[in-house]
Amino acid sequence: METDKFLDFLTESGFFYPSFEIYRGKTEAGGFYDYGPLGVELKRNIIEKWRRIFIYPYQDFIVEVETPIIMPKIVFEASGHLEHFTDAITECLKCGRKYRADHLIEEELGKRGVSVKTEGLRLEELDELIRRYGIKCPVCGGDLGPVKPFNLLFQTTIGPYSDNIGYLRPETAQGMFVSFPRVFNLLGRKLPLGIAQVGKVGRNEISPRQGLIRLREFTQMEIEFFFDPENPRCPFLDELDVKIRVLPEEDVKAGKKEPREFRPREAVESRVIPNEWMAFFMGLATIYMNELGIPTDHQYFLAKLPEERAHYSSASFDQMVFSERFGWVEVSGHAYRTDYDLSRHMKFSGYDLTVERRLKEPKEVEEVRIYPNPTRIREVYGNEAGKVMKALSTADPNELRSSLERSGEALVGGYRVTRDMVFMRVERRKVFTERFIPHDVEPSFGVDRIVYVTLEHAAKVIDGRFILTLAPDIAPIKAVVLPIIDKEEYNKIGIELSRKLMRAGFRVVFDNDGTIGSRYARYDSLGVPLAITIDEETLRDNTVTIRDRDTKVQVRVGINDVPIIIKKAVEENKTLSRLIDELKLTIYTRQH
């Protein structure tokens, strides 16, 4: 398939196109794309299919929320994004152009036949590669400056004060971590608990290219799934009738390229995947891609080595899908975030994010209680004694005890507290519960990339024309109503039928312009699964033909049966050919 022509076809058909087109040449704001009428419908349907697979069957413990796209600075200090969310940048000392260093190195050395992997390399290692191979600015040939970190967060201010800094979220995840205690309480304080979110995020990419594959603003579908690390069992794991293709960490280290095939449970028992819930979501992700038209042999999970993982992850897998134009593309990431995020937000907010676990057997614990010595505190701090005692009441008694026993003093709320300012009592008691911070696995999907690979896998070239063989449930237009000729009596029936289908909730088009053959071809190319033809027989007996996009088979049905057939095709994701036997439809052969 000629992928350049395919991209032109998608643009001309109104699936997607570069934003700000009327200002082309007047702005450098790349990495933004508009979705046209067909693209919006397709994207919405792809998101809804994700909900049907990942949320609706498990809605007793996976729920969806919506959180702000702009969040205060402290959230990203806690999450580690201010420190870690960076890419390496280098600037041409002659023309001033800036490049993402790792991409530039791989591209320039690739032209020389040198294969190098830059992911996970430190700034100084990238800089050394540029110097060793004499890599220059690809535009003007100038020398490149030192490699520096570039933070990808979009910064703004919240309200009129310049010191009240906020950031556009780079992932939907942090909103779910911050709202965890609220949702946990709403759902009865039970684990496991999944919090899902679909929404826009922004990353200030250095040099976005590749259309929908790398954007500065894009849509994510994510689940933060919280569970007890001492009870990580997934009761649904064995229900998944799927094999997942994985390139495990040990194979990546050994330089192997061929993925291995596992049942989800087998992958856990082989220690390829660290826990059952992660394997469960990876199994669902494989099914999801299958249902979008991407075969299993065009997808696999690539384990990330420790130096390649995000700062919050103890294990990560990228779900890779093959693209004829872009090679292997990451469409989802599966990370075991442990208790990293909740622990950090607990530390920075001071809010208790622990949950309770009932013990199988009670146990004795040693409990430290700290009481202030008001007399001594007043002697030292006078009128500020009350503030010191308040600070002591919120201090961690174990940390305070440790510090006092180690050095005889501790800093509490900015006040120096000595051993004689407190009374300390150590008690032993039986407990039947204990508190812990839940662990989290995260399946995270890039919607825009999924839109592109879905379209590419649906594309067929027949007689020099692109045909999109999109599944009925994700096709933007479900049916087209076509009067066989442009006559008032045909048009009237067709318009009435179109309106009836629209009121039933289907995206339907009425078209009476051109020959019937050219109209069939036009809507086949846009992925419309069903074409309904109004002809002379319709006038006599109130029947129409329904034509299947892929097989070109036609059946004759009563006009009142059309909504039922379309509903069944869309809801059960069945082509007309599959419905013929099920509904006992008669194949129709036109005699003229």
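Relevant structure appears above.
Numbering of residues starts from 1 in every chain and runs along the sequence as written. Predicted model: local features are reported for residues with pLDDT of at least 70 only, side-chain atom pairs are reported and counted for 80 or more only, and whole-chain, interface and lining totals are derived from all residues. Excluded from the side-chain calculation are hydrogens and water; included are all heavy atoms of the structure.

Engineer: Quick rundown of the pairing of strand β10 (residues 193-202)? Include the residues and the values.
Structural biologist: Exposure is judged per residue with a 1.4 Å probe applied to protein chains only, and the accessible area is read against the type maximum: over 50% gives exposed, under 20% gives buried, and values in between give partly exposed. A run of DSSP states H or I qualifies as a helix once it reaches four residues; a run of E qualifies as a strand once it reaches two. Both are numbered from the N-terminal end. Burial runs high along β10: nine of the ten residues are buried. At least two DSSP bridges between two strands are needed for those strands to be called paired. As paired strands, strand β3 (residues 62-64) and β10 are joined by three bridges and run parallel to one another. Considered in β10, the bridge of I62 is made with G194. Two elements, β10 and strand β11 (residues 217-227), share ten bridges in a ladder whose sense is antiparallel. Along β11, the bridge assignment pairs V198 with M221.

Engineer: Tell me about the pattern of salt bridges, residues and numbers included.
Structural biologist: Here, a salt bridge means any Lys or Arg side-chain nitrogen found within 4 Å of an Asp or Glu carboxyl oxygen. Throughout the structure, instances matching the rule amount to 64 salt bridges. Of the charged contacts in the structure, one is a salt bridge between R260 and D251, with a shortest N-O distance of 3.0 Å. Judged by relative accessible area, R260 falls into the partly exposed class, the value being 32%. Residue D251 is classed as buried on the basis of its relative accessible area of 5%.

Engineer: Could you give an account of the sheet that holds strand β14 (residues 299-303), naming the residues involved and the relevant values?
Structural biologist: On the basis of which strands lie adjacent, the open sheet formed by nine strands has the order β3-β10-β11-β21-β16-β15-β14-β12-β13 and mixed pairing. The open sheet has two edge strands with one neighbour each: β3 and β13 (260-262). Across this sheet, the average inter-strand angle for adjacent strands is 30°, counted without regard to direction. Taken together, the six bridges between strand β16 (residues 327-338) and strand β21 (residues 439-446) define a ladder with antiparallel strand orientation. Its bridge partner lying in β21, Y336 is registered against V441. Here a residue-residue contact requires only that any non-hydrogen atoms of the pair lie within 4.5 Å. Helix axes are fitted to C-alpha atoms over the stretch in contact, other axes to C-alpha atoms as well, and angles between N-to-C directions run from 0 to 180 degrees. Where helix α2 (residues 37-54) meets the sheet, it contacts β3, β10, β11 and β21, and its direction lies at approximately 5° from that of β11.

Engineer: Tell me what's going on with the pairing of strand β12 (residues 244-247), and back it up with residues and numbers.
Structural biologist: Both faces of β12 are covered, namely the face carrying I244 and V246 and the face carrying R245 and L247. Alignment of β12 against β13, held across three bridges, turns out to be antiparallel. In the sheet register, I244 faces β13, and the bridge partner there is F262. Of the pairings in the sheet, the one linking β12 to β14 comprises two bridges and is parallel in character. Following the sheet pairing, L247 is matched in β14 by L302.

Engineer: Please set out the sheet that holds strand β7 (residues 148-151) residue by residue, giving values where relevant.
Structural biologist: Ordered in space as β6-β5-β7, the three strands form an open sheet in which the pairing is antiparallel. Each edge of the open sheet carries a strand with a single partner, namely β6 (98-100) and β7. Strand after strand, the sheet turns through a mean of 45° between neighbouring axes, direction not considered. Alignment of strand β5 (residues 86-91) against β6, held across three bridges, turns out to be antiparallel. Residue pairing in the sheet places E91 in a bridge with K98 of β6. Lying over the sheet, helix α5 (residues 101-111) contacts β5 and β6, oriented at roughly 80° with respect to β6.

Engineer: An account of helix α20 (residues 562-571) is needed here, citing residue identities and associated values.
Structural biologist: Structural remark: α-helix, 3.6 residues per turn; residues separated by three or four positions point the same way. Counting buried residues along α20, seven of its ten residues qualify, which places the element largely inside the surrounding structure. Within α20, the full set of buried residues consists of V562, P563, I565, I566, K568, A569 and V570. In the core, the buried residues of α20 are packed alongside β24 (479-483), α17 (488-503), β26 (530-534), β27 (543-548), β28 (554-558) and α21 (576-582). Residue N573 follows α20 closely and has a positive phi angle near 55°.

Engineer: Mind laying out empty space enclosed by the protein, listing which residues take part and the relevant values?
Structural biologist: The method works on a 1 Å grid over the protein atoms by themselves. A cavity is a set of points holding a 1.4 Å probe that cannot get out, a pocket is an open set with protein on both sides within 12 Å along at least five of seven lines, and residues with an atom within 4 Å of a point line them. Grid points are joined across faces, edges and corners, and a volume is the space filled by probe spheres set on the points. Tallying each qualifying case throughout the model produces two cavities of 30 Å³ or more. The space that makes up the largest cavity amounts to roughly 60 Å³. P472, P529, L530, D548, R549, D550, A569, K574, T575 and L576 are the residues that line the largest cavity. In this classification, the charged set is Asp, Glu, Lys and Arg, the nonpolar set is Ala, Val, Leu, Ile, Met, Phe, Trp, Tyr, Cys and Pro, and all remaining amino acids, among them Gly, are polar. Its residues assigned to classes, the lining of the largest cavity comprises five nonpolar, one polar and four charged. Taken as a whole, the second largest cavity spans an internal volume of roughly 40 Å³. Considering the residues around the second largest cavity, the lining is formed by V480, Y520, Y523, D524, V528, P529, L530, A531, R547 and R549. Sort the elements by how many residues they give to the lining of the second largest cavity and helix α18 (residues 516-525) lands first, with three residues. Residues belonging to the lining of the second largest cavity are distributed by class as follows: seven nonpolar, no polar and three charged.

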